[in-house]
Amino acid sequence: MSSDHSHDLPFWKKYIFSTDHKVVGIQYTVTGLLFLFFGFCLMMLMRWQLAFPSQPLPWLGQFFHEKTMVSGIMLPEFYNQLGAMHGTIMIFLGVVPLAVGGFGNYLVPLQVGAPDMAFPKLNMMSYWVYFIGGVIMFCSFFLPDGSAQSGWTSYPPLSVIANQGQTFWLIGMVFLITSSLLGSINIIVTIVHLRAEGLTFFRFPFFIWSQLVTSFLLVLAFPPLEAAGILQLMDRVAGTSFFMPSGLVVSGQVLQASGGGNPLLWQHLFWFLAHPEVYVLILPAMGIVAEIMACNTRKPIYGYKMLVYSAIFLGFMSFLVWAHHMFLTGMSTKMSSFFQITTMIISIPSVIILTALVLSLWGGSIRFTTPMLFAIAFLPMFGIGGLTGLPLGLTAADLHLHDTYYVIGHFHYVVAPGTIFALFAGVYHWFPKVTGRKMSEFWGKVHFWLSFIFINGIFMPMFSMGLAGVSRRLYDPTQYAHGLAVQPLNVVISYSAWLLALAQIPFILNFFISIFAGKKATDNPWEATTLEWATPTPPGHGNFLTEPKVYRGPYEYSVPGAQHDFSPQHLEGIN
Amino acid sequence: MSHSEAEIRKHVRVYITVFIALAVLTIATVLASYFHLPLKQAITLALFIASIKATLVAAYFMHLISENKVIHSILLLTGFFFLLLLLLPAMR
Amino acid sequence: MSDIAIKHISKPHPVTGVTNGKLGIWLFIASEIMLFGGLFSAYILLRTGSPSWPHGSSVLNVPLATLNTMLLITSSVTMVMAWASLALKNVGKFKFYLGLTILLACGFLIVKSFEYGTKFEHHHFPSTSTFYAVYFTLTGLHVLHVIGGIIVNAYYLFPGSKMWETNPEQFLCRIENAGLYWHFVDLVWIFLFPTLYLI
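These numbers come from a predicted model, not from an experiment.

Novice: Go over the overall build of chain B, please, and point to the residues and values.
Specialist: From N to C terminus, chain B includes three helices and zero strands. Reading the helices (α) and strands (β) of chain B from amino to carboxyl end gives α-α-α. For 92 residues, the compact-globule formula gives about 12 Å, and the C-alpha radius of gyration of chain B, at 17 Å, lies well above that figure. Considering only C-alpha atoms, chain B reaches an extent of 50 × 35 × 10 Å along its principal axes. Per-residue burial over chain B gives 41% buried out of 92 residues. For chain B, the accessible surface area stands at approximately 5,200 Å², while carbon and sulfur atoms represent 74% of it.

Novice: Provide a residue-level description of the overall build of chain A, including the pertinent values.
Specialist: If you tally the helices and strands in chain A, you get 16 helices and four strands. Here the C-alpha atoms of chain A give a radius of gyration of 24 Å, agreeing with the 25 Å that 2.2 N^0.38 yields for 575 residues. Principal axes of the C-alpha set define a box for chain A whose edges measure 80 × 55 × 45 Å. Buried residues in chain A amount to 63% of all 575 residues. Pairs at least 24 residues apart make up 79% of the contacts formed inside chain A by residues separated by at least 6 positions. For chain A, the exposed surface amounts to about 20,800 Å²; the carbon and sulfur share of it is 70%.

Novice: Would you mind going over the environment of Thr16(C) in detail, with residue names and values included?
Specialist: As for its placement among the helices and strands, Thr16(C) is situated in the segment before helix H1 (20–49). Residue Thr16(C) is classed as buried on the basis of its relative accessible area of 9%. Distance in space between the C-alpha atoms of Thr16(C) and Ile29(C) is 18 Å, their sequence separation being 13 residues. Those residues in contact with Thr16(C), other than ones at most four positions away along the chain, are Val192(A), His193(A), Asn68(B) and Val70(B).

Novice: Tell me what's going on with the pattern of salt bridges, and back it up with residues and numbers.
Specialist: In total, this model carries eleven salt bridges over all chains according to the counting rule given. Of the charged contacts, one joins Arg552(A) and Glu556(A) as a salt bridge, the two residues approaching to 3.6 Å between their closest N and O atoms. Among the residues examined, Glu556(A) registers a relative accessible area of 28% and is labelled partly exposed. A salt bridge links Arg9(B) to Glu5(B), with the nearest nitrogen and oxygen atoms 2.9 Å apart. Taken as a pair, Arg9(B) and Glu5(B) lie in helix H1 (residues 5–34) at a separation of four residues, close to a single helical turn. One salt-bridge network, held together by shared partners, links Glu67(B), Lys22(C) and Glu176(C).

Novice: Help me get a handle on the interface of chain A and chain C, residues and values and all.
Specialist: Taken together, the contact between chain A and chain C spans 41 residues of the former and 37 residues of the latter. For the chain A and chain C pair, buried surface summed over both sides reaches about 3,200 Å², with 75% attributable to carbon and sulfur atoms. Of all residues in chain A, Ile185(A), His193(A) and Phe242(A) bury the most surface against chain C, accounting for 18% of the area lost on that side. Joining chain A to chain C, the criterion identifies one salt bridge. Between Glu547(A) and Lys7(C) there is a salt bridge, with the nearest N and O atoms lying 2.9 Å from each other. Put simply, chain A and chain C have five residue pairs in polar contact (both at pLDDT 80 or more) between them. Of all the secondary structure elements, the ones that give two or more residues to the side of chain A that touches chain C are helix H4 (120–139), helix H5 (165–193), helix H6 (206–237) and helix H7 (263–297) of chain A. If you tally residues by element for the side of chain A that touches chain C, the top one is H6(A), at ten residues. In terms of residue class, the side of chain A that touches chain C is made up of 25 nonpolar, eleven polar and five charged.

Novice: I'd like a description of helix H4 (residues 91–121) of chain C, backed by residues and values.
Specialist: For H4(C), built from 31 residues, the straight-helix expectation of 45 Å at 1.5 Å per residue is met to within 8% by its first-to-last C-alpha distance of 45 Å. In the segment just after H4(C), His123(C) is the residue with positive phi, at about 55°.

Novice: Quick rundown of the side chain of Thr537(A)? Include the residues and the values.
Specialist: All names here are of chain A. In this fold, Thr537 is placed in the segment after helix H16 (505–517). Relative accessible area serves as the criterion here: at 18%, Thr537 is assigned to the buried category. At 2.7 Å, the side chain of Thr537 and the side chain of Lys433 are in polar contact. Once residues within four sequence positions are removed from consideration, Thr537 is found in contact with Pro432, Lys433, Gly436, Ala521, Thr522 and Asp523.

Novice: So what's going on with the packing of H6(A) against helix H3 (residues 69–87) of chain B? Which residues, and what values?
Specialist: Between H6(A) and H3(B), the least distance of the axes is 11 Å, while the angle of their chain directions is 30°. The angle between the axes of H6(A) and H3(B) places the two elements in the roughly parallel class. Handedness of the H6(A)/H3(B) crossing: right-handed. On the side of H6(A), the interface is formed by Phe216(A), Leu220(A) and Pro224(A), while H3(B) contributes Leu77(B), Thr78(B), Phe81(B) and Leu85(B). When grouped by side-chain class, the residues that make up the contact of H6(A) with H3(B) number six nonpolar, one polar and no charged.

Novice: Can you tell me about the interface of chain B and chain C, naming the residues and giving the values?
Specialist: Between chain B and chain C, the contact holds 46 residues from the first and 50 residues from the second. In total, chain B and chain C occlude about 4,200 Å² of area from one another, counting both sides; carbon and sulfur atoms represent 82% of this. Across the salt bridge formed by Glu67(B) and Lys22(C), the nearest N and O atoms sit 2.8 Å from each other. At the boundary of chain B with chain C, the tally comes to four residue pairs in polar contact (both at pLDDT 80 or more). Looking at the side of chain B that touches chain C, the elements that each hand over two or more residues are H1, helix H2 (39–61) and H3 of chain B. Ranked by residues supplied to the side of chain B that touches chain C, first place goes to H1(B) with 14 residues. Looking at side-chain class alone, the side of chain B that touches chain C contains 32 nonpolar, nine polar and five charged residues.

Novice: I'd love a proper account of the packing of H1(B) against helix H3 (residues 62–87) of chain C, names of residues and values included.
Specialist: When two helices pack together, their arrangement is given by the angle between their axes and by how far apart the axes lie. Where H1(B) contacts H3(C), the axes come no closer than 10 Å and their chain directions differ by 175°. Regarding the angle of H1(B) to H3(C), the classification is roughly antiparallel.

Novice: Explain the environment of Tyr155(C) residue by residue, including any values.
Specialist: Considering the arrangement of structural elements, one finds Tyr155(C) in helix H5 (residues 130–157). Sequence-distant contacts of Tyr155(C), that is, excluding residues within four places in its chain, are made with Gly160(C) and Ser161(C).

Novice: Let's hear about H7(A): which residues, and what values?
Specialist: Every α-helical turn comprises 3.6 residues, leaving residues that sit three or four positions apart pointing alike. Residue and element names in this part refer to chain A. The terminal C-alpha atoms of H7, which comprises 35 residues, lie 51 Å apart, in line with the 51 Å expected from a rise of 1.5 Å per residue. Along its length, H7 reaches its greatest deviation from straightness, about 30°, at Trp271. Of all 35 residues that make up H7, 32 are buried, and the element is covered over most of its length. Capping the start of H7 is the job of one residue whose side-chain oxygen sits 2.9 Å from the backbone nitrogen of Leu264: Asn262. Positive phi shows up at Arg298, right after H7, with a value of about 55°.

Novice: Break down the domain arrangement of chain B for me, with residues and values.
Specialist: When its domains are assigned, chain B resolves into domain 1 (5–61) and domain 2 (68–92). On a C-alpha basis, the centroid separation for the pair domain 1 of chain B and domain 2 of chain B is 22 Å.

Novice: Mind laying out the packing of aromatic side chains, listing which residues take part and the relevant values?
Specialist: For the structure shown, the criterion picks out 81 aromatic pairs over all chains. Aromatic pair Tyr116(C) and Phe120(C): ring centres 6.3 Å apart, planes at 45°, arrangement tilted. Taken together, the residues Tyr116(C) and Phe120(C), both in helix H4 and four residues apart, mark about one turn of the helix. Positioned over the ring face of Trp526(A) is Lys438(A), at 4.7 Å from the centre of the ring.

Novice: An account of the confidence of the model for chain A is requested, with residue identities and associated values reported.
Specialist: All names here are of chain A. Residues at a pLDDT of 70 or more form 98% of chain A, whose mean pLDDT is 92. Per-element confidence in chain A ranges from a low mean pLDDT of 77 for helix H1 (residues 11–16) to a high of 96 for helix H13 (residues 441–467). Here residues 1–6 scores under 50 on pLDDT; set against residues more than four positions off or in separate chains, the count is 14 contacts.

Novice: Tell me about the confidence of the model for chain B, residues and numbers included.
Specialist: Per-chain confidence: chain B averages 90 in pLDDT, with 96% of residues scoring 70 or above. This complex was scored by the predictor with a pTM of 0.94 and an ipTM of 0.94.

Rules used in this analysis
Residues numbered from 1 in each chain as written. Chains lettered and ligands numbered in written order. Predicted model: local features only at pLDDT ≥ 70, side-chain atom pairs only at ≥ 80, totals over all residues. Heavy atoms only, no water. Helix = DSSP H or I, 4+ residues; strand = E, 2+ residues; numbered from the N terminus. Rg over C-alpha atoms; globule rule 2.2 N^0.38 Å. Buried < 20%, exposed > 50% of the residue type's maximum accessible area, 1.4 Å probe, protein only. Areas by Shrake-Rupley, 256 points an atom, 1.4 Å probe, with all protein chains shown as cover. Contact = heavy atoms within 4.5 Å. Salt bridge = Lys/Arg side-chain N within 4 Å of Asp/Glu carboxyl O. Buried area = accessible area lost by both parts, 1.4 Å probe. Polar contact = N/O pair within 3.5 Å; in protein donor to acceptor, adjacent residues only side chain to side chain. Nonpolar A, V, L, I, M, F, W, Y, C, P; charged D, E, K, R; others polar. Expected span 1.5 Å × (residues − 1). Axes fitted to C-alpha atoms, helices over the stretch in contact; angles between N-to-C directions. Parallel < 35°, antiparallel > 145°, perpendicular 65-115°, else oblique. Left-handed = near helix turned anticlockwise from the far one by under 90°. Bend = angle between axes of the 7 residues up to and from the residue. Domains from an automatic or database assignment. Phe/Tyr/Trp six-rings, centres within 6.5 Å; stacked < 30°, edge-to-face > 60°. Lys NZ or Arg CZ within 6 Å of the ring centre and 35° of its normal. pLDDT = per-residue confidence, 0-100.

Okay, here's the thing in structure tokens:
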């Protein structure tokens, strides 16, 4: 079965328009990584303006069009474009496609013991729809007025009266949402229907559980944003007033619109998606971390069932907290009390997961491999990100902190050193399975330590800046006196960001060189237990040589009386 | 689905009955709208009839009445979040 | 195409009791419910927040919409009859009913275009008022779903029906799933009709 049936297929069918989940997964991963890097580049440009307001960008400045930079000095419009697109690209084109599209596609069929996804053609389509969405977003930079500039949240009425780039943003989003829907339906059906014989739900690796919950969130939370996107598109293209209040005055003139709309409607629909979206970002990361920790501590995950129940509860509760992003919109105290309570409740399952993962380290014989380093670093980083979120969930503190750099620091700790570190861990961990070669451990560790230092250099000072009251979307942070005092921190952050970029060079080189020259990997180089390691390396078309059967739970490491310290799921009897 | 022939013939009779019921309910809701009831009653009545029609379509045409538990649970979950979404205008 | 065997395409899964396609289409419908949920929610919010809202029947054409409701309900019953005929292995009848479904759907579109046409003639556009914005957006999106259904059904009527020769079981599943989608489109209209036209 593994003998390549696709051998005789032409190149474009085998690697470009492929229906094989592994190829689609790799496509998603590579595209996602490229977009992550691109989104990071946008941010590095912004960091110049923030550290050295209105000073010309040295050397690079000359390559920019005069509508974006005048003799190297960034224009406010361009700054806004960079900010809006950084958020959009990182979330919708980088992390989600990488976590759900890349890792989900590659690993879900392997870990449940399936030959492919349930709907292979739909799978291919979901990638290409995502790709089109990405192209539309990318192309919007080359519009006469540039790309969207109303922030990744695109709040109306500002976004409705914004430039043409916003229309592209909305159309791009419709494509990305459609792609996510197709992909997540595929993942759910694959998990529920194509699991191997004996693989009951409570024998799933935690990664599978996290993908299952994530996919349900995508199926149920994304459509309301699609609806909101369509309504905003109508506002912009057909002149409706879904989000436009009556009598809006823009630059001294009353806007010609029928009026009667409600800008808050957008915020409700947007956050109805965007809060579950946070868990779409974090759950797959937790799944990856759990896999890597079990394998590298050589012992079962502590409280596996508790992890599963927490993930499900987290998914469910994530629908009930969205309005904590909107405390400052004049909501009644009754409503805000409700959302403060739900917000405090939702932190409980996150803490359970984090605690269980920390306790998993207890008494393990830890192998400090590169993926394990990233996975261990995920724990305190996500912890900081999560705990700093609590003050934002309480109105009294949120009043002061809302829309400041504190918020930026908070959610970046969750997503950047949290999720992205977990994704790096996943890349290092599964690289041998995908390519048949290992990545260099030495350069991996260099990459880890440099990234770890600089990423904290970026986000830790943001908390101080936020507490000092610096607003998150300021073009010139020295504009107000209270910003001047903390301006040196901006310089620290900017240098950290640029150094972080340099710290990715070992990763990029390691990644590409290892594909061709890395140490050859065996089928199960980490001596792990889950099903993906039961395939040949790299897995051929159809994945498994013989249909796998599952005899035990996912994390049976160091079973007393066993010959080895790992007992793979697919082997019968004590191994 | 593997249904026996007799079963399907029975189904067809049900489909026709449901169709007639749907047609009658459509006419009823249109006629009711000509009475110009007060807004609250009008909305309640119209939504009530629409819900009956929707239930008929979902139960018989979409076979939900004999569908498996997994589909029911997905719809139950969706229904909960759908209601939450409809409650959204009340949040201010 | 590759020849790897994916399970449960036409045989139901022993635990869930449904096929892959059916689970998939129901998940898709679940997402569609949330999509229209968002739109209905917007409608309710805008209507309750507005000082005055026109009575649907005073500005929209109720007889035409009633006709359209009848067309869609009929097309729903012909769709389910098409499936039943196929289950009875009567391909001729199946094609007749599926063709009828497509024709009725086209009829719906024609009536709709007349309705839109008269609105445009009277200079009633989506930008006229929030009521018209809601009306055009919701019905327009529903029309897109109808067009999608016509394309799917037309595919199964002509090129897709070849599968009946090679894999009748899977083809029957496909028709059932296409039907589920089509009934959902009908179901959305069942709610759109009274909420937009009658109250």
